[in-house]
Amino acid sequence: MVGERKTSIFGIVNALILACIAIATLYPVLYITVISFSDTASVIQGKVFLFPKGFNLDAYKEVLSNNTIPRAYLNSIYYTALGTFINLLFTAVAAYPLSQPNFFGRRVFMLGIIVTMFLNPGIIPTYIVVQKLGLTDTVWSLVLPNAIWTMELIILKSFYENMSSQIREAALIDGASETRILFRIVIPLSKPALASIGLFFFMGHWNSFFLPLIYLNDKEMYPLQVVLRDMLIFNSENDAGLVDRAALAPQAVKNATIVLSMIPVLLIYPFAQKYFAKGVMLGSEKG
């Protein structure tokens, strides 16, 4: 009886804590969205709280009518799609041999990979390498230096190790090559793990602003996060002419841009969520 009471109290306290965390997480998103849909006078006077005042889409019309934001939006989609594809391809290919017990030098390679988690060369040596290779001001400077992420590689390697070795052995007996086994058998069976780490790759590329900031000199190649950063920190929206013509509140324009930047994440995350927990847990079962 006492144990049941303690369990009940724990459940209530846990629910309250999770509710507080959920509110603290969702309120900024709600506030930003509400501001973006409210009229200028209400925003300036501070009358907007939980619901839009004077509902309108002027901020979104102004943002989308300017070439800066749509071009940056398309750049972000392109960089994210290409970067995520390269990450998944390189990680899947690299994790496969490392998951095979008979792979020569397996422990040495794994040690070298794990060391990179603790000994990062830093941004200056990396920038020099990218510059010497002639990759600056190209999309490749954003996707090739980070083609493989160590933690995601370890997760996928562990997932491969949990797969039945009998499937690979049967394919080898039938005359299949290692490449065919990887792309025709292993990768199709690894959809949960690939979806879970793919979500990390997607979020990393979509939210990236530091790498484009140092590797890209052409402003027309800037992704959305860099443009948004300039708007929030340096108030460059006035230079871009985003608020002059419509006499909109700067907060409304900024928040409309933020809401637009969240749309791809909100669309993709629910589809990847069903694979997320399964993929990560399956990759961590084998110690």
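Predicted, not measured: the structure shown is a model, and the values here were computed from it.

**Some points on the pattern of salt bridges**
Per the counting criterion, the structure on display carries 2 salt bridges. The partner of E161 in a salt bridge is R106, with the nearest N and O atoms 2.5 Å apart. Taken together, the residues E161 in helix 8 (residues 150-162) and R106 in helix 5 (residues 106-115) connect sequence positions 55 residues apart. A salt bridge links K157 to E161; the shortest N-O distance between them is 2.7 Å. Here E161 and K157 lie together in helix 8, a separation of 4 residues that amounts to about one turn.

**With respect to the packing of helix 8 against helix 11 (residues 191-206)**
Axis separation between helix 8 and helix 11 bottoms out at 10 Å; the angle between their running directions is 175°. Classified by the angle between their axes, helix 8 and helix 11 sit roughly antiparallel to one another. Contacts between helix 8 and helix 11 involve E152, I155, L156 and F159 from the first element and A193, L194, I197, F200 and F201 from the second.

**Side note on unusual backbone geometry**
You will see that D137, though not glycine, has its phi angle at about 65°, which is positive. Tracing the sequence through the fold places D137 in the loop between helix 6 (123-132) and helix 7 (140-143). Judged by relative accessible area, which is 29%, D137 ranks as partly exposed.

**Describing the side chain of S190**
Secondary-structure assignment places S190 in the loop between helix 10 (178-189) and helix 11. The exposure class of S190 is buried, given its relative accessible area of 0%. Other than its neighbours up to four places away in sequence, S190 contacts F159, Y160 and M163.

**What to know about the side chain of N255**
With respect to the helices and strands, the residue N255 is situated in helix 14 (residues 250-282). The residues contacting N255, other than those within four sequence positions of it, are I32, I35 and S36.

**Examining the packing of aromatic side chains**
Geometry of an aromatic ring pair is reported as the spacing of the ring centres plus the angle between the planes. Inspection of every chain in the model, using the stated rule, returns 8 aromatic pairs. Measuring from ring centre to ring centre gives 6.3 Å for Y96 and Y160, while their planes differ by 75°; the resulting arrangement is edge-to-face. You can see Y96 sitting in helix 4 (residues 68-98) and its partner Y160 sitting in helix 8, a full 64 residues away along the chain. The exposure class assigned to Y96 is buried, which follows from its relative accessible area of 7%.

**Focus: a nonpolar patch on the surface**
Where nonpolar side chains cluster on the molecular surface, the patch consists of F85, L89, F90, V93, W140, L144, I148 and F183 and spans about 700 Å² of accessible area. In this fold, W140 is placed in helix 7.

**Focus on helix 8**
Taking 1.5 Å per residue, 13 residues should reach 18 Å; helix 8 reaches 19 Å between its end C-alpha atoms and fits that length. Here helix 8 lies mainly inside the structure; 10 of its 13 residues are buried.

**Details of the environment of I197**
As for its placement among the helices and strands, I197 is situated in helix 11. Each C-alpha atom, one on I197 and one on L156, is 8.1 Å from the other, the two residues being 41 residues apart in sequence. Sequence-distant contacts of I197, defined by excluding residues within four places in its chain, comprise L88, T91, E152, I155 and L156.

Criteria and cut-off values
- Going along each chain's sequence as written, the residues are numbered from 1 onward.
- Per-residue local features are limited, in this predicted model, to residues with pLDDT of at least 70; the limit for side-chain atom pairs, both in listing and counting, is 80 or more; totals at the level of whole chains, interfaces and linings are taken over all residues.
- As a rule here, side-chain values cover all heavy atoms of the structure and leave hydrogens and water aside.
- We define a salt bridge as a side-chain nitrogen of Lys or Arg found within 4 Å of a carboxyl oxygen belonging to Asp or Glu.
- Under the scheme used here, helices are H or I runs from DSSP no shorter than 4 residues and strands are E runs no shorter than 2 residues, and both carry numbers assigned from the N terminus.
- Think of each axis as a best-fit line through the C-alpha atoms, taken over the contacting stretch in the case of a helix, with angles from 0 to 180 degrees between the N-to-C directions.
- Here the angle decides the label: under 35 degrees means roughly parallel, over 145 means roughly antiparallel, 65 to 115 means roughly perpendicular, and every other value means oblique.
- Contact definition: two residues touch when any of their heavy atoms are within 4.5 Å.
- Buried means the residue's accessible area, taken with a 1.4 Å probe over protein chains only, is under 20% of the maximum for its type, while exposed means over 50%, and partly exposed covers the values in between.
- Working definition: a ring pair exists when centres of Phe, Tyr or Trp rings (six-membered ring for Trp) sit within 6.5 Å. Plane angles under 30 degrees give stacked, over 60 give edge-to-face, the rest tilted.
- Note on patches: the residues involved have over 30% relative accessible area and no salt bridge, like charges join within 9 Å, and the nonpolar side chains Val, Leu, Ile, Met, Phe, Trp and Tyr join within 5 Å.
- Per-residue and other accessible areas were derived by the Shrake-Rupley procedure at a 1.4 Å probe size, with only the shown protein chains allowed to occlude residues.
- Take the number of residues in a helix, subtract one, and multiply by 1.5 Å to get its expected span.

Read these as layout, nothing more, since geometry by itself doesn't imply function.
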